[in-house]
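For reference, the chains in residue letters:
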Amino acid sequence: MAYERSESTPAGGVDTTALALKILVAGGFGVGKTTLVGAVSEIRPLRTEEQLSRAGESVDDTGGVARKTTTTVAMDFGRITIRPGLSLYLFGTPGQDRFWFLWDELSQGALGAVVLADTRRLEDCFPAVDYFEHRGIPFVVAVNCFPGARAYGAHDVSRALDLDRGTPVVLCDARDRDSGKEVLIRLVEYAGRVHTARLLDSVGRGGAGAAGDTAAVAGACPVHDSA
């Protein structure tokens, strides 16, 4: 299930329903996943970072990110309210190969994913792109625009990654809250359309209970606000 609803009755006696969506933030080593989660989270983010050590030099490729001194060993967690009644729970995945066994657990119930990319090391995000494509999890590619990195347009990145037609590519600054929020809004809108189309197709083929799920997912889109 890609969403949860919680109902409460405030003092005024009016029922309110809150929708919480699970979002993954993935990508290669040192691409800015922890930074993005921390920048947009309205709560103190949970981080599981450890210092890089000499023992990991043979497996942690710090090319292009020589100043990086820590690495995520389990996950990052944060939360952001997109609009009243709609919150996103953000789960940042570890980037190194040896932690990929955690991805299956983290991806369960996710509405979609953000794949962060660094154009200096674009190949590092191929595993994340393949992972979500093969599992049918909607995702957007967010190009983290590092200072000094060569600028590429969204179309160029899409072609270089050989993305399926329609997969969004957006440019962002993972350090900036508003920029990160725009990425998440784009993902929720895109994932909402994908899931709604799938559920409508299921209804057309006689899928039991799909109509209610369609309405629930569609209720999360559009989410763009002026905040």
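This one's a predicted model, so the numbers in the text were calculated from it and none came from an experiment. (Residues numbered from 1 in each chain as written. Predicted model: local features only at pLDDT ≥ 70, side-chain atom pairs only at ≥ 80, totals over all residues. Heavy atoms only, no water.)

Student: Can you lay out the overall build of the chain for me, pointing to particular residues and giving the numbers?
Tutor: Secondary structure assignment for the chain yields six helices and nine strands. Scored against the burial criterion, the 227 residues of the chain give a buried share of 45%. For the chain, the proportion of contacts with a sequence separation of at least 24, taken over those separated by at least 6, is 69%. Summing over all exposed atoms, the chain offers an accessible surface of approximately 11,800 Å²; the carbon and sulfur share of this is 51%. (Helix = DSSP H or I, 4+ residues; strand = E, 2+ residues; numbered from the N terminus. Buried < 20%, exposed > 50% of the residue type's maximum accessible area, 1.4 Å probe, protein only. Contact = heavy atoms within 4.5 Å. Areas by Shrake-Rupley, 256 points an atom, 1.4 Å probe, with all protein chains shown as cover.)

Student: Explain the pattern of salt bridges residue by residue, including any values.
Tutor: Under the defined criterion, the tally for this structure stands at six salt bridges. Note that Asp104 is salt-bridged to Arg135, the shortest N-O span being 3.7 Å. In this pair, Asp104 is assigned in helix α2 (residues 103-107) and Arg135 in helix α3 (residues 126-135), connecting sequence segments 31 residues apart. The exposure class assigned to Asp104 is partly exposed, which follows from its relative accessible area of 40%. A salt bridge links Asp173 to Arg175, with the shortest nitrogen-to-oxygen separation between them at 2.9 Å. Residue classification places Arg175 among the exposed positions, given a relative accessible area of 56%. Here the salt bridges share partners, and the residues they tie into one network are Asp118, Arg120, Arg121 and Asp124. (Salt bridge = Lys/Arg side-chain N within 4 Å of Asp/Glu carboxyl O.)

Student: Describe in detail the packing of aromatic side chains, supporting the description with residues and values.
Tutor: A full pass over the atoms with the stated rule returns six aromatic pairs. Between Trp103 and Phe132, the ring centres sit 6.0 Å apart and the planes meet at 20°, which makes this aromatic pair stacked. Residue Trp103 is located in helix α2, and its partner Phe132 is located in helix α3; the two are separated by 29 residues in the primary sequence. Both residues of the pair, Trp103 and Phe132, belong to the buried class. Ring centres of Tyr131 and Phe132 lie 5.3 Å apart, and the angle between their planes is 90°; this geometry places the pair in the edge-to-face category. A network of ring pairs unites the aromatic residues Trp103, Tyr131, Phe132 and Phe139 as a single cluster. (Phe/Tyr/Trp six-rings, centres within 6.5 Å; stacked < 30°, edge-to-face > 60°.)

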